[in-house]
Amino acid sequence: MKFQSEEGSFEYFGKIFTKKESLRFFEHLRQEIDWQFDELVIFGKRRLTKRKVAWYGDDSIEYTYSGTTRMALYWTPLLMELKLQVEQKCGLTFNACLLNFYHTGEEGMGWHSDNEKSLEEPIHIASLSFGAERRFDMKHQKTGDKKSVMLENGSLLLMKHPMQHYWKHALPKTKKVKEPRINLTFRLMKLNN
């Protein structure tokens, strides 16, 4: 599935891993990653989210979002393997990955864009999903035009430049999904000076 416009495009590759591979990756990521509750600053107050996150990448890469700064942990062998496969599939290079662990469908992500100044232009975000299938929504910031994709277990979605400047995206909450999901978003960050 592809969507193309002058103000950004996305390509949904669908499942790029078998069910067996996806289950193995999910279990390794669940156990090996240094998961932490995400901290957000909302109206000047620091709050912990229900979902857990992790930030990995090349040496000395920082990422600041929602009032929190994270220093990258160095790639695990599995994350490096997944990064290389995603890079080959997308034809792009990434140097960092933000991971999200959603315990059930009751944990989600509100409307936002990944357009922080610390991201290298052009901004391309590759999103790899393992575990529960979840709906992913995209909305144009001016026209309100919406697109939705069901992100399957072992699937890859690439949001291409300049999508982050014109569109927001969200992972809506749902009580129907009881299983966990792990999402890896690969990105290219500016190197710290």
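As a reminder, the structure under discussion sits directly above these lines.
Predicted model, so just to flag it, every value in this text is computed and none were measured. (Residues numbered from 1 in each chain as written. Predicted model: local features only at pLDDT ≥ 70, side-chain atom pairs only at ≥ 80, totals over all residues. Heavy atoms only, no water.)

Caption draft 1: View of the overall build of the protein. Along the backbone of the protein there are three helices and 15 strands. The dimensions of the protein, computed from C-alpha atoms along their principal axes, are 40 × 40 × 35 Å. Scored against the burial criterion, the 193 residues of the protein give a buried share of 47%. Summed over all atoms, the accessible surface of the protein reaches about 10200 Å², with 51% contributed by carbon and sulfur. The averaged location of the 25 negative side-chain charges in the protein is 7 Å from the averaged location of its 31 positive side-chain charges. (Helix = DSSP H or I, 4+ residues; strand = E, 2+ residues; numbered from the N terminus. Buried < 20%, exposed > 50% of the residue type's maximum accessible area, 1.4 Å probe, protein only. Areas by Shrake-Rupley, 256 points an atom, 1.4 Å probe, with all protein chains shown as cover. Lys, Arg positive; Asp, Glu negative; His and termini not counted. Charge placed at Lys NZ, Arg CZ, Asp CG, Glu CD.)

Caption draft 2: Local environment of the packing of aromatic side chains. Summed over the entire model, instances satisfying the criterion amount to ten aromatic pairs. Ring geometry for Phe25 and Phe130: centres 5.6 Å apart, planes at 65 degrees, overall edge-to-face. Taken together, the residues span a long stretch of sequence, with Phe25 in helix α1 (residues 19-32) and Phe130 in strand β10 (residues 125-131) at a distance of 105 residues. Relative to Phe186, the ring of Phe94 lies with its centre 6.3 Å away and its plane at 45 degrees, an arrangement referred to as tilted. Separated by 92 residues along the polypeptide, Phe94 in the loop between α2 (77-90) and β8 (96-102) and Phe186 in strand β15 (residues 181-187) bring together distant segments of the chain. By the burial criterion, Phe94 is buried, and Phe186 matches it. Three or more aromatic residues joined by ring pairs make a cluster, and in this case those are Phe3, Phe10 and Trp167. Above the ring of Phe37, the side-chain terminus of Lys52 is found at 4.9 Å from the ring centroid. (Phe/Tyr/Trp six-rings, centres within 6.5 Å; stacked < 30°, edge-to-face > 60°. Lys NZ or Arg CZ within 6 Å of the ring centre and 35° of its normal.)

Caption draft 3: Molecular detail of the side chain of Asn100. With respect to the helices and strands, the residue Asn100 is situated in strand β8. Of the polar contacts made by the side chain of Asn100, one reaches the side chain of Arg51; its length is 2.9 Å. (Polar contact = N/O pair within 3.5 Å; in protein donor to acceptor, adjacent residues only side chain to side chain.)

Caption draft 4: Inspection of the sheet that holds strand β12 (residues 146-151) at higher detail. One open sheet accounts for four strands, arranged β9-β14-β11-β12; its pairing is antiparallel. Every interior strand has two partners, whereas the edge strands, β9 (109-112) and β12, have only one. Across the sheet, the mean angle separating the axes of adjacent strands is 15 degrees when strand polarity is ignored. Strand direction decides the pairing type here: strand β11 (residues 134-140) and β12, joined by six bridges, are antiparallel. Each residue of the ladder has a partner; that of Asp137, found in β12, is Ser148. (Pairing = 2+ DSSP bridges. Axes fitted to C-alpha atoms, helices over the stretch in contact; angles between N-to-C directions.)

Caption draft 5: Up close: the pattern of salt bridges. Counted according to the given criterion, the structure contains seven salt bridges. In this structure, Lys2 and Glu11 form a salt bridge, with 3.9 Å as the shortest nitrogen-oxygen distance. A relative accessible area of 66% places Lys2 in the exposed class. On the basis of relative accessibility, which here comes to 16%, the residue Glu11 falls in the buried class. Connected via shared salt-bridge partners are Lys2, Glu11 and Lys160. (Salt bridge = Lys/Arg side-chain N within 4 Å of Asp/Glu carboxyl O.)

Caption draft 6: Structural context of the nonpolar core. Counting 26 residues, the largest nonpolar core has Leu29, Leu82, Leu99, Leu128, Phe130, Leu184 and Phe186 as its most contacted members. Looking at this core, the elements that each hand over two or more residues are α1, β4 (45-57), α2, β8, β10, β13 (155-160) and β15. Top contributing element to this core by residue count: α2, with five residues. Once residues lying within four places of it in the same chain are set aside, the contact partners of Leu184 are Leu29, Leu79, Leu82, Cys97, Leu98, Leu99, Ala126, Ser127, Leu128 and Phe130. Core analysis: the second largest hydrophobic core is formed by 23 residues, Tyr65, Ile125, Leu157 and Met163 among them. (Core = buried A, V, L, I, M, F, W, Y, C linked by side-chain atoms within 4.5 Å. Contact = heavy atoms within 4.5 Å.)

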